[in-house]
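Architecture and fold: a report
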Amino acid sequence: MRDVLDRLLTWWEAGESVAVGTVVATFQSAPRPPGAVMLVGPGLEAVGSVSGGCVEGAVYQLGEEILESGEPVLQRYGVSDESAFAVGLTCGGILDVFVEKVDRTTFPELAEVAADIADGRPVAVATVVAHPDPARIGRRLIVRPDGQSGSTGSDRVDDAIADDARGLLANGRTETLEYGPDGQRRGEGMRVFVSSYAPVPRLLVFGAIDFAAAVARLGSFLGYRVTVCDARAVFATATRFPFADEVIVDWPHRYLSAEAAAGRLDERTVICVLTHDPKFDVPLLEVALRLPQVAYIGAMGSRRTHDDRLKRLREAGLSETEVARLASPIGLDLGARTPEETAVSIAAEIIAQRWGGAGQRLSAAAGPIHH
């Protein structure tokens, strides 16, 4: 919605009604991803695109109807429909488009959401797009890391959606979730589209070793934007790290300092120091442990290496509070041996720290599974 938000907000502020068509799910080779938006304005202007031209005509016509009726509709377009060729979806894909009327009454929180997006504050908009009770369709819950507003019509549903939406928001993911009519996680009948507005969180892996390749692969799987950095050009290559979004040849402490100064780190950033070489990791950790906000800082090495590292960091002037931020030796005790198993233990510690998990077996614990 980012690309049409300014136009939508202008009409909303003027008290106008706008038909908003949003791609909420795609299958096969659909041309646009979930979250793509097309507007039909109060003067029947068309703004944006849901399919790169394939079904815009059909969505436009539906938008005109919804401006009159005010009733939201979830419509599927695809090659399995008899009318697929007629509406132009000849690419072989399938997409679900939710079309609704948006104005000050149906979406009173729009200005606040727009302000969050403009200022770079994470926010997710969860909209009920299918429900056995038609009165629930179109209801919205606005979810932020530290709170929520609006309602989908039930406290139980709101709690389930907010919990799941924060997980999607933390990873910058947009997708449709399915529940039972009253929020049952294993049920069906209610579909909720969660549109997340947040940069993808970053995973910075320092040290171009085999363990780093495994961590990069798992980090990518978990939804992070992965950067591998090493000062040794012969090791830091894209070929060795195919799952990294970027591979940087630079001194780790210099690169991290530059990223911090450029404002490209935030409270979701994860830093994994896998060099276990004092000439690399001590200067790097001096920078990392003094950063005001990152989610996790972990360093690989034996307990002897860890003790020596702590001694060097204290000698460099780091306080006990700063040193206490370091997760070292890195990872949870899973008995890991291989690089891949070690990557799982590191990922498990990152996840546990993010959501407040204890890292113990669920069968040995009581209480809610989701923190």
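What this report covers is the structure whose coordinates are included nearby. Computed from a predicted model, the values in this text were never measured in an experiment. (Residues numbered from 1 in each chain as written. Predicted model: local features only at pLDDT ≥ 70, side-chain atom pairs only at ≥ 80, totals over all residues. Heavy atoms only, no water.)

Some thoughts on the overall build of the chain
- What the chain contains, in helices and strands, is 11 helices and 16 strands.
- Here the C-alpha coordinates of the chain stretch approximately 70 × 45 × 40 Å along the principal axes.
- Going through the 371 residues of the chain one by one, you find that 46% of them count as buried.
- The contacts in the chain between residues at least 6 apart in sequence include a share of 57% that link residues at least 24 apart.
- As displayed, the chain has an accessible area near 17,600 Å², and 51% of this comes from carbon and sulfur atoms.
- Put simply, the chain has 37 plus and 50 minus side-chain charges, and the middle of one group is 8 Å from the middle of the other. (Helix = DSSP H or I, 4+ residues; strand = E, 2+ residues; numbered from the N terminus. Buried < 20%, exposed > 50% of the residue type's maximum accessible area, 1.4 Å probe, protein only. Contact = heavy atoms within 4.5 Å. Areas by Shrake-Rupley, 256 points an atom, 1.4 Å probe, with all protein chains shown as cover. Lys, Arg positive; Asp, Glu negative; His and termini not counted. Charge placed at Lys NZ, Arg CZ, Asp CG, Glu CD.)

Quick word on the environment of Leu9
- Looking at where Leu9 falls in the secondary structure, it is placed in helix 1 (residues 5-13).
- Sequence separation between Leu9 and Arg361 is 352 residues; the distance between their C-alpha atoms is 48 Å.
- Beyond its immediate stretch of four places on either side in the chain, Leu9 contacts Leu110, Ala111 and Ala114.

Remarks on the pairing of strand 8 (residues 147-151)
- As paired elements, strand 7 (residues 140-144) and strand 8 share five bridges and run antiparallel to each other. Bridging across to strand 8, Arg144 finds its partner in Gly147.
- With antiparallel pairing between neighbouring strands as the criterion, strand 7 and strand 8 make up a hairpin whose turn holds two residues. (Pairing = 2+ DSSP bridges.)

Considering empty space enclosed by the protein
- Taken as a whole and assessed by the stated rule, the structure comprises two cavities of 30 Å³ or more.
- Of the voids in this model, the largest cavity is the one considered here, and its volume is about 180 Å³.
- Of all elements in the fold, only strand 1 (18-27), strand 5 (94-102), strand 6 (123-130) and strand 10 (190-197) reach the threshold of two or more residues within the lining of the largest cavity.
- Considering only enclosed or pocket space, the second largest cavity measures out at about 80 Å³ in volume.
- Elements that contribute at least two residues to the lining of the second largest cavity include exactly helix 6 (210-221) and helix 11 (339-355).
- Per element, the largest residue contribution to the lining of the second largest cavity is four residues, and it comes from helix 11.
- Considering only residue class, the lining of the second largest cavity consists of nine nonpolar, one polar and no charged. (1 Å grid on protein atoms, 1.4 Å probe; cavity = no way out; pocket = protein on both sides within 12 Å on 5 of 7 lines; lining within 4 Å. Points joined across faces, edges and corners; volume = space filled by probe spheres on them. Nonpolar A, V, L, I, M, F, W, Y, C, P; charged D, E, K, R; others polar.)

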